[in-house]
Structures are given as structure tokens and as C-alpha cells.
Amino acid sequence: MDLFINILIIIGIFGGLALIFGCLLVIASRFFAVKQDERAEKIIALLPGANCGGCGYAGCASYAEAVLSGEAKPNLCTSLSQEEINAIAEISGAEASEKSLPTVAHIKCCGSNECTSNKYNYGGIDDCRSLIRLGGGEKSCVYSCIGLGNCVKACVFGAISVKNGVAAVDTKRCKGCGSCVAACPKSLIELIPATARFSVYCSSKDKGKAVNAICDNGCIACGICVKNCPNSAITLKNNCAVIDYSLCDGCGICAEKCPKGTIRSTKGGKKAVKSSAPAVKTEKPASSTGTFSFDVKNTDKD
Amino acid sequence: MGTIISICFAAILTENFVLSKFMGICAFLGVSKKTDTSIGMGMAVTFVMTISTLVTWLINRYILVPFDFVYLRTIVFILVIACLVQLIEMFLRKCVPSLYKALGIYLPLITTNCAVLGVTILMADSDYTNILYPVIYAFAAGLGFTLAIVLFSGIREKLKFCDIPKPFRGFPIALIAAALLAMAFSGFQGLNLPF
């Protein structure tokens, strides 16, 4: 019984004190209330809230402030739709601006554990920057993805995963914020137009023979893609094929002809999408996504 | 009067909370990069220390001791401190938003600043029967914290222009400077005013 009374007294004391302090704080909060810009809250509600930093500001809240002060345009956030940008422009009174071209991250390596060999086995801390100091990584190719996933940790949208020792981007989830580009110590990640259908999964600057010896899928700079591209969109730079996306129409001939399978579809699939019929350009219904809007009819996909 | 002066002397110099009791190091190292913000931090800590000592001393003496609940002291004191920190946070946000931004996370962290809890518990344990002395001691301890953090921020501002060996740049040299400052303060140890 004594214990029970004790507990009651304690609850009484605590409750009383908490009540007094609570009342004091409520009064103080009325007294010191800060008027916040309602527009900022509305804009923050429209923003994704991931604080990825892709817009160049510290987070969604500071970007909202920058838009309100007229410092930033409303279209810097890559994950907004055109309607949301218009809504933000309306709230902030800024000029309506078009959605910038959507981009996705692209990892320029496909040297998975199966197609390349290791120089040694690493047992250190789980961080690409630490592994890169030991001879440029455990894989034989110094241009290869390290696969410890610094980009995975950097991605706030959960769009990157490491499969078979190589990071892979889920293009559906990727918002093109560019956090991973900065996180990769080998600078293997670049932002490409979201509409790009094929890309080169290699960035090796080695000569073809050297690449052939260490990687089954690396670009050997044979130039077959350059010769076969109907739009001359592919060039060889530093012993590696590079696609100019302003010329590429996504026909996929390069992926089909590539002897090493380095050029692949960005939409997944182990091998490139093979089209038996020649690529047909069809007009897409008017979209705001700009010059890269195209569609290719593929009769079959593997 | 003599007692008050000797209390102040002890709390500011000989028993400096940061440099001889090693309490409140987190804020001491965290907000000492600029003199302006460190003065603000010192003021905030002084305010919280003084008021919380006043309130907790009364609570301890007139509620906890008579009911024999002294073992609940820590949690009650933290409640008081947290409430005061909330108050000062609102005040700064309204009146000095630049300081509010500069203090950042360290402002709410005053709640867990052990120097504040240290002062309140030390005063609750002391055998002062007059409320005046604990409050003066707490105020002086706050001033001591302010003194330490302002001195240290001055040193850190100068450190920016020094040619420091690479491994020591940034935090390591700050820790070494803090240690040297603490050693300098240890010179006050054993000084007793003739009151």
C-alpha cells in the first residue's frame, strides 16, 4: 500500500511540474511566435522531401526559400512534374519555367564478377574510397566499378543496387539528382537523358588487347558501332565508344553489332534489345520533355 | 559580500566547469569556431544554468527532500532544463534569428550539456541554506563557461592562419589547444581568497 501511495505521489509531483512547465511553454510560444512564410510551407509540401541536394541547395527547405526570394528557378528539382513546377511558380510568383530535361544516372561499367577477374581479395572496410587506394581496386581492370556501393549509400531514392560486383541503376526510381556522381571515387557515373535507350557500359581507356585480356564485356574500341551507326552518333574517345545523345535515335543497331556486349539497353535485360525490323521513328504525342522524345517500335524483346 | 566574491572567483577561475571539471565539452568544441557565436552560446548557457539552478534548488529543497524523493532528482532536473532550453530556443528564433541559425543543433543540445546538469546537482548537494548563493554560483559558472569558450574561439580563429602540420589540421589541433588552455587555467588551482 505504501508503495502504491508513493507511486501516486510521484505521479502527482511529476504531473504537476510537467503541467506547470507545459503551460509556461504554451504561453511563451504564443509570445514568441514566429510568423513563417506560408508559401514556403506550401512549396516544401510539393517538393519530394528527400533533401538530395540535386538542385544545388542544402535541402528542400532551403531550396524553397531560394525560390521564394527569386534566387532560384522553380524547375531545378529533377523529380518534379511539369504541373508541380507550374504550381510552385504560381505560389512563389516566379516565372513559369519548363521542366528541365530529365536525366538518369548511368554507370559506365559492366565488369561483373563473372566477366572479370580479381587481382587480390579485399577484406577491409566497406567503402570504395578505401579500396581504390589499393592498386585501384581488387578487379583486374582499373576502370571497373569497385562494387562496394558508395553510390548506393549516396542515393536517397534507393535507385542503385550492387549486383554481381557492379552497381546498377534502377531507371524507374532514379531522379537524376547527381548525388551518386559525386560519390563515385572513380567517376564512373554520369547523368544521361532519361530517354536514352542504349548506352556504353564501359569507360576503359586501355587498348583493345589489354581490355580483352581482363574483361569479357569491356569496350575494345573496335569501331564496329561507329561504322554501323546510321546517325553517326558514336565516336571513339580514348579507346572507348561514346554516344552523343543529341544525335542518337535509339535504333539499337550498335547494341546488336557490339561484339563484346558493351553497348546495352538502359532499360534492363542482360543483352541489348534486338530488333529484327529496322528502327522506325514514330512520332510521340506532344510531350514537354524536349528534343529527346522518341519511340522505337521493337517487334520482339529478349 | 566576501562569500559572494569567493564563490564567483571559484566558479569562474579555479573551478571552471569546462577547463578544470571537463564538463560541457561538446558545446565548447562545437560552437567555438567564431567568437560571435561563442558569445551567444555562452549567454544561452549562462541563462539556462542560472534559471535552472534557481528552479531546481527550490524543487529539490521544498518538494524532493521533504517527500524523500531525492533519487528522482536527475529526471526532474532534466525536465526543468529541457523546458528552459525550449524557452530560450523560442526566444532566439524570434529575436535573434541569425544567432539561432549559427548555434544550430548545439542550442537544443544545451539540454544534454552536462555542465548545466552538473551545476544544478552540485548546488542541490551543497549545504547552502540561502537561495542566493546557489544562484550566484550558477551564474558565475555560466560566466566561466562563457570565458572559456570565448578565449578558446579566439585561439581557434588565430589557428586558421597558422601553418599546422597536415595530420593536426582541424579538430586535432583544437583539442590540443583546449588542453593547453586547461593547463593554463590549472595555474589558478589552490588559490584562495582571504575571505
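Note that the coordinates shown come from a computational prediction; the quantities given were computed from them, not determined experimentally.

Novice: For this particular structure, what's the right way to read the overall build of chain B?
Specialist: Helix and strand content of chain B: 8 helices and 0 strands. Ordered by position from the N terminus, the helices and strands of chain B form the series α-α-α-α-α-α-α-α. Counting contacts in chain B only where the partners sit at least 6 residues apart, residues at least 24 apart contribute 79% of the total. When the accessible area of chain B is evaluated, it comes to approximately 9,800 Å², of which 70% is carbon and sulfur surface.

Novice: What exactly am I supposed to notice about the overall build of chain A here?
Specialist: A count of helices and strands for chain A gives 10 helices and 10 strands. Out of the 302 residues in chain A, the part that is buried amounts to 40%. Summarising the internal contacts of chain A: among those between residues at least 6 apart in sequence, 56% fall at separations of at least 24. As presented, chain A carries roughly 16,400 Å² of accessible surface, and 56% of it is formed by carbon and sulfur atoms.

Novice: Is there a simple way to explain the pattern of salt bridges in this structure?
Specialist: If the charged atoms of two oppositely charged side chains come close together, the side chains can form a pair. Residues and elements named next belong to chain B. One pass over the structure, following the stated rule, counts 4 salt bridges over all chains. We note a salt bridge from K21 to E15, for which the minimum N-O separation is 3.5 Å. The class of E15 is partly exposed, set by a relative accessible area of 30%. A salt bridge links D125 to R73, with the shortest nitrogen-to-oxygen separation between them at 2.8 Å. Of this pair, D125 sits in helix 6 (residues 114-125) while R73 sits in helix 4 (residues 73-95), placing them 52 residues apart in sequence. Using a relative accessible area of 14% as the deciding quantity, one classes R73 as buried.

Novice: Sorry, what's going on with the packing of helix 2 (residues 38-46) of chain A against helix 4 (residues 82-92) of chain A here?
Specialist: In a packed pair of helices, the relevant descriptors are the angle between the two axes and the axis-to-axis distance. Residue and element names in this part refer to chain A. Where helix 2 contacts helix 4, the two axes come as close as 10 Å, and the packing angle between them is 175 degrees. Here helix 4 runs roughly antiparallel to helix 2, going by the angle between their axes. Of the residues in helix 4, those touching helix 2 at R39, K42, I43 and L46 are E84, A87, I88, I91 and S92. Residues belonging to the contact of helix 2 with helix 4 are distributed by class as follows: 5 nonpolar, 1 polar and 3 charged.

Novice: Would you mind showing me how to read the packing of aromatic side chains here?
Specialist: Given two aromatic rings, their pairing is described by the distance between the two centres and the angle made by the two planes. Residue and element names in this part refer to chain B. Following the criterion strictly, the structure yields 9 aromatic pairs over all chains and no others. On the basis of an interplanar angle of 65 degrees and a centroid distance of 5.6 Å, the ring pair of F185 and F188 is categorised as edge-to-face. Judged by its relative accessible area of 8%, F185 falls in the buried class. Sitting over the ring of F17, K21 keeps its end group 5.6 Å from the ring centre.

Novice: Any chance you could explain the pairing of strand 2 (residues 160-163) of chain A here in plain terms?
Specialist: Side chains on a regular strand alternate between the two faces of the sheet. All names here are of chain A. As paired strands, strand 2 and strand 3 (residues 166-169) are joined by 4 bridges and run antiparallel to one another. Counterpart to V162 in the pairing with strand 3 is A167. The turn joining strand 2 and strand 3, which pair antiparallel and follow one another in sequence, is formed by 2 residues; a positive phi near 55 degrees is taken by N164.

Novice: It is not clear to me how the interface of chain A and chain B should be interpreted in this structure. Could you clarify?
Specialist: Accessible area lost on assembly of the parts is the figure often given for the size of an interface. Each partner contributes to the interface: chain A provides 16 residues, whereas chain B provides 19 residues. Across the interface of chain A and chain B, roughly 1,600 Å² is buried in total on both sides, 87% from carbon and sulfur atoms. The largest contributions to the chain A side of the interface with chain B come from F14, F21 and F32 of chain A, which together make up 36% of the buried area. Summed over the shared surface of chain A and chain B, the result is 0 salt bridges. Inspection of the region where chain A meets chain B yields 0 residue pairs in polar contact (both at pLDDT 80 or more). Its residues assigned to classes, the side of chain A that touches chain B shows 12 nonpolar, 3 polar and 1 charged.

Novice: Please clarify how the nonpolar core should be interpreted in this entry.
Specialist: As a rule of thumb, soluble globular proteins bury nonpolar side chains together. By size, the foremost hydrophobic cluster in this structure holds 65 residues, and its most contacted members are L19, F28, M41, V48, I110 and F152 of chain B. Among the nonpolar cores identified, the runner-up in size contains 37 residues, and A105, I160, L188 and Y245 of chain A belong to it.

Novice: Please explain the environment of K139 of chain A as it appears in this structure.
Specialist: Residues and elements named next belong to chain A. Mapped onto the secondary structure, K139 falls in the loop between helix 5 (128-132) and helix 6 (150-154). Using a relative accessible area of 6% as the deciding quantity, one classes K139 as buried. In the structure, K139 is positioned 26 residues away from G165 in sequence and 9.6 Å away in space, judged by C-alpha atoms.

Novice: I would appreciate a short explanation of the packing of helix 4 of chain B against helix 6 of chain B in the present structure.
Specialist: Residue and element names in this part refer to chain B. For the pair helix 4 and helix 6, interaxial distance at closest approach is 10 Å and the crossing angle is 130 degrees. It follows from the interaxial angle that helix 4 and helix 6 lie oblique. For the element pair helix 4 and helix 6, the recorded crossing hand is right-handed. Touching R73, T74, F77, I78 and I81 of helix 4 are V116, L117, T120, I121, A124 and D125, all from helix 6.

Novice: Whenever I open this one, unusual backbone geometry confuses me. Can you help?
Specialist: Negative phi characterises most residues that are not glycine, and trans characterises most peptide bonds. Residues and elements named next belong to chain A. Residue N164 is not a glycine yet carries a positive backbone phi of 55 degrees. Among the secondary structure elements, N164 is positioned in the loop between strand 2 and strand 3. Despite not being glycine, A221 has its phi angle at roughly 55 degrees, a positive value. Residue placement: A221 occurs in the loop between helix 8 (208-214) and helix 9 (224-228).

Novice: Could you clarify how one ought to interpret the confidence of the model for chain A in this entry?
Specialist: Low pLDDT marks regions whose predicted coordinates should not be analysed in detail. Taken as a whole, chain A shows an average pLDDT of 81; of its residues, 88% reach a score of 70 or greater. Low pLDDT (under 50) marks residues 270-302 of chain A, which in the prediction has 56 contacts with non-local residues, meaning those over four places away or in another chain.

Novice: Please explain helix 4 of chain B as it appears in this structure.
Specialist: Because each turn of an α-helix spans 3.6 residues, side chains separated by three or four positions in sequence point in the same direction. Given a rise of 1.5 Å per residue, 23 residues ought to cover 33 Å, and the 33 Å separating the end C-alpha atoms of helix 4 of chain B matches this to within 8%. Among all positions in helix 4 of chain B, only R73, V76, F77, V80, I81, C83, L84, V85, I88, E89, M90 and L92 of chain B are buried. Against helix 1 (2-31) of chain A together with helix 3 (35-67), helix 5 (97-103) and helix 6 of chain B lie the buried residues of helix 4 of chain B.

Novice: Looking at this structure, I do not really get the side chain of N75 of chain A. What am I missing?
Specialist: Residue and element names in this part refer to chain A. You can see N75 is positioned in the loop between helix 3 (60-68) and helix 4. Look at N75 and you get buried, because its relative accessible area is 10%. Discounting residues that sit within four places of it in the chain, N75 has contacts with Y63, I85, S97, E98, K99 and S100.

What counts and how
Residues numbered from 1 in each chain as written. Chains lettered and ligands numbered in written order. Predicted model: local features only at pLDDT ≥ 70, side-chain atom pairs only at ≥ 80, totals over all residues. Heavy atoms only, no water. Helix = DSSP H or I, 4+ residues; strand = E, 2+ residues; numbered from the N terminus. Contact = heavy atoms within 4.5 Å. Areas by Shrake-Rupley, 256 points an atom, 1.4 Å probe, with all protein chains shown as cover. Buried < 20%, exposed > 50% of the residue type's maximum accessible area, 1.4 Å probe, protein only. Salt bridge = Lys/Arg side-chain N within 4 Å of Asp/Glu carboxyl O. Axes fitted to C-alpha atoms, helices over the stretch in contact; angles between N-to-C directions. Parallel < 35°, antiparallel > 145°, perpendicular 65-115°, else oblique. Nonpolar A, V, L, I, M, F, W, Y, C, P; charged D, E, K, R; others polar. Phe/Tyr/Trp six-rings, centres within 6.5 Å; stacked < 30°, edge-to-face > 60°. Lys NZ or Arg CZ within 6 Å of the ring centre and 35° of its normal. Pairing = 2+ DSSP bridges. Buried area = accessible area lost by both parts, 1.4 Å probe. Polar contact = N/O pair within 3.5 Å; in protein donor to acceptor, adjacent residues only side chain to side chain. Core = buried A, V, L, I, M, F, W, Y, C linked by side-chain atoms within 4.5 Å. Left-handed = near helix turned anticlockwise from the far one by under 90°. pLDDT = per-residue confidence, 0-100. Expected span 1.5 Å × (residues − 1).

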